[in-house]
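Observations on chain architecture
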Amino acid sequence: MHQPAMTIGGSAVRGASHFEVRNPSTGEVIGLAPNGGQAELDAAVAAAHRAFQGWSRQSDEELAQACRAVAEKIQAHAEELALLTTLEQGKPLNGLGSRWELGAAAAWASHTASLQLPVQVLQDDAAGRVELHRKPLGVVGSITPWNFPALIAVWHVLPALRSGNTVVIKPSPYTPLATLRWVELLGEVLPPGVVNSVSCDDRSSNLGAAMSAHPLIRKIVFTGSCATGQRVMQSAAATMKRLTLELGGNDAGIVLPDADPKAIAEGLFWGAFINNGQTCAAMKRLYVHERIHDDVCEHLVAYARRVPMGDGLDERSQLGPVQNRMQFDKVARLVADARKKGSVLLGGEPGAGLFFPATIIAGLNNGDALVDEEQFGPALPVIRYSDVEDAIAAANDSPNGLGGSVWSSDPVQARRVAMRMECGSVWINKHGMIQPNAPFGGTKASGLGVEFTEDGLREYTDAQVLFA
Ligand code: NAD
C-alpha cells in the first residue's frame, strides 16, 4: 500500500483523513492519499510565500543548477515513479506508457533548466538606457489532471522554479500518488517550502477551487477540462492572477486523397490512441477522402488489431484501461450513440472492468456526438469527405483548437491545408508530437497561453522596465 504524504514547508503532512486510490486495471486499492483541507492549503501557500524570498534572489545559474538537480532526481527515481504511475493511472509500463512518460519528464526538466530570459536592452543611446527585465511572480499554484500526472507536473513546476517562483501543486484525486512521492523526493534537492504538495478528494474539499481564489497565489497553471478551466478563470479574476490554461481538445486529422493508406496507418493509430485516447492533443476525429477512405480504414483497423491491451503491469500491454468510471461511461455513451449512426469497424462494446477495446466507427459526420464532443478515450470516428474545402471547414467547425494534422504524400499541398487549420499545433503525417523546444497551447476554447520554450517561461514572470 502506497501512502505518500503531502509536503508542506519541507515537512511530511498526513492530514486528518485520507482517500483511497485504485488501480484502474484491477479495481484494487493501491494507495491512500491525504485528504487535505483549507488549513493545509493555507500552510502550503504560506510556506511557499516564505521560501520565495530566498529562492527568487538566487542567481540565474543557481536556479538553472537547481533545475538540473531536479531532472537528475527524476532520472534516478524514474522506475519507481513509473511503477506508481502505472498503478494509479492504468497505463502500461511499456510502449508509450509510464516509462516513456518518466523519460519525457526527465528530458523536459533538463531542457527547462537550459532556458534563459536574459535582460533585453531596448534602448541605449544619448537619450538614455531602457532595459526589460523579467521578474518572478511569487507563489505559483499548479493543478494537474489524471492522464499524464507525472509529465504534466514537470511541465508546470519546472518553468515556475526556473524563473524564480515557488510552487504549491495539487494533483488530480484519481492520480495523486506519483506527484506526492515526487515532491517528497524534491525535498532532497530543494530548500523547504520551494515546492509544496496538497491533495484532496474534491468532495470533502476542493482545493483546486480554493487555490484559484487564494490571495497569496499569483498564478495558476492548470491542465484539465474546459469547464473547470473556465471556473478557474472566474475565481482568479478577483486577485488578477496570471493564468496558463491547457484545456480540452477535439483535434481533427485530415487525410488527403494522395496519402498512402498503408504507410500512414501506424501514425494514425498512435496519433489517436496514445494513452488510450486520454491525451489532450490526440486525434479525436479523422476526415478521410472518399477515394482512399476504405483503404485507410482497412489498414488502420489491421494495425489496431495487433496492439495488445491489458493490465498496465503486464510488460506485453501497449494499451491499458480507461482511467476512471466517469470517463469510461462517457466513452460508452458516445460509442453507443455512434453505433446507431455509423458502422463499427473495430471494437464498439465495453469490455470488463474499465477496459474499453480500441474502437473505430466510420460513416459519421459533424453533428454526431462522437465527432462533436471530446471523447478522451479509445474511440475514433471516421468521416468520409469528397471535397478538401469541406473537410477543412468541418475540421474548423469546433469550439476547440488545440491540435490538428494533415496526412499526404504531397508536402506542398499538406502545408497549404495545415496552415488553414484553426489550432495551436498542426502536424504533417503525424499527430500529437509535442516537444520541449516548441511552444504548445490551445487556440479558441482550448486554453490560454503556451507552455515550453522561453515563450512558456515568460508566462511565469512579470515584465519590469528599467529606465536609466
Ligand atoms: P478536470 O478539469 O476534471 O480536473 C483537472 C484538475 O482540476 C484536477 O486536479 C481537479 O481536482 C481540479 N479541479 C476540480 N474542480 C476544480 C475547480 N473548481 N477549480 C480548480 N480546479 C479544480 O480534468 P480531468 O478530467 O482531470 O482531465 C481531462 C481533461 O483535461 C480533458 O478535457 C483533456 O482534454 C484535458 N487535458 C488537457 C491537456 C492540455 O494540455 N491541453 C492535457 C491533459 C488533459
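Computed from a predicted model, the values in this text were never measured in an experiment. (Residues numbered from 1 in each chain as written. Predicted model: local features only at pLDDT ≥ 70, side-chain atom pairs only at ≥ 80, totals over all residues. Heavy atoms only, no water.)

1. Some words on the sheet that holds strand E14 (residues 343-346)
Two modes of strand pairing occur in sheets, parallel and antiparallel, and in both the strands are linked by backbone hydrogen bonds. Read from one edge of the open sheet, seven strands run E14-E15-E16-E13-E12-E18-E19, paired in mixed fashion. What marks the edges here is a single partner per strand, and that holds for E14 and strand E19 (425-428). With direction set aside, neighbouring strand axes in the sheet form an average angle of 20 degrees. In terms of strand pairing, strand E12 (residues 251-255) meets strand E18 (residues 403-407) through four bridges, oriented parallel. Counterpart to alanine 252 in the pairing with E18 is glycine 404. Here helix H10 (residues 293-305) sits on the sheet in contact with E12, strand E13 (283-289), E14, strand E15 (359-362) and strand E16 (379-385), set at roughly 45 degrees to E14. (Pairing = 2+ DSSP bridges. Helix = DSSP H or I, 4+ residues; strand = E, 2+ residues; numbered from the N terminus. Axes fitted to C-alpha atoms, helices over the stretch in contact; angles between N-to-C directions. Contact = heavy atoms within 4.5 Å.)

2. Comments concerning the nonpolar core
Core analysis: the biggest nonpolar cluster contains 48 residues, and Ile74, Val154, Leu161, Trp182, Leu190 and Val195 have the highest contact counts within it. For this core, the secondary-structure elements that each account for two or more residues are helix H1 (38-56), helix H2 (60-76), helix H3 (78-89), helix H4 (98-113), helix H5 (149-162), strand E8 (166-170) and helix H6 (177-186). At 10 residues, the largest contribution of residues to this core is made by H5. If you count residues domain by domain, this core takes at least three from each of domain 1 (6-247 + 446-467) and domain 2 (251-428). In contact with isoleucine 74, not counting residues within four places along its chain, are Leu102, Ala105, Ala106, Ala109, Val154 and Trp182. (Core = buried A, V, L, I, M, F, W, Y, C linked by side-chain atoms within 4.5 Å. Buried < 20%, exposed > 50% of the residue type's maximum accessible area, 1.4 Å probe, protein only. Domains from an automatic or database assignment.)

3. Focus on the site of the ligand
Close to the ligand lie 31 residues; Thr144, Asp202, Ser225, Leu247 and Glu374 are nearest. A distance of 3.5 Å separates a nitrogen atom of the ligand from a polar backbone atom of glutamate 246. Within the backbone of leucine 247, a nitrogen or oxygen atom sits 2.6 Å from a nitrogen atom of the ligand. In the complex, the protein chains occlude 91% of the 850 Å² of accessible area that the ligand would expose alone. (Near = heavy atom within 4 Å. Polar contact = N/O pair within 3.5 Å; in protein donor to acceptor, adjacent residues only side chain to side chain. Areas by Shrake-Rupley, 256 points an atom, 1.4 Å probe, with all protein chains shown as cover.)

4. Some points on H1
Across its 19 residues, H1 extends 26 Å between first and last C-alpha, which sits within 8% of the 27 Å expected from 1.5 Å per residue. At arginine 50, H1 shows its maximal kink, close to 25 degrees. Restricting attention to buried positions, one finds in H1 the residues Glu40, Leu41, Ala44, Val45, Ala47, Ala48, Ala51, Phe52 and Trp55. (Expected span 1.5 Å × (residues − 1). Bend = angle between axes of the 7 residues up to and from the residue.)

5. Here we look at the domain arrangement of the protein
Interface size is commonly expressed as the accessible surface area that is lost when the partners come together. Annotation of the protein at the domain level lists domain 1 (6-247 + 446-467) and domain 2 (251-428). Here the C-alpha centroids of domain 1 and domain 2 sit 31 Å apart. With 23 residues of domain 1 at the contact, the number on the domain 2 side is 26 residues. With both chains or domains summed, domain 1 and domain 2 bury close to 2,100 Å², and 58% of this area falls on carbon and sulfur atoms. Put simply, domain 1 and domain 2 have one salt bridge between them. (Buried area = accessible area lost by both parts, 1.4 Å probe. Salt bridge = Lys/Arg side-chain N within 4 Å of Asp/Glu carboxyl O.)

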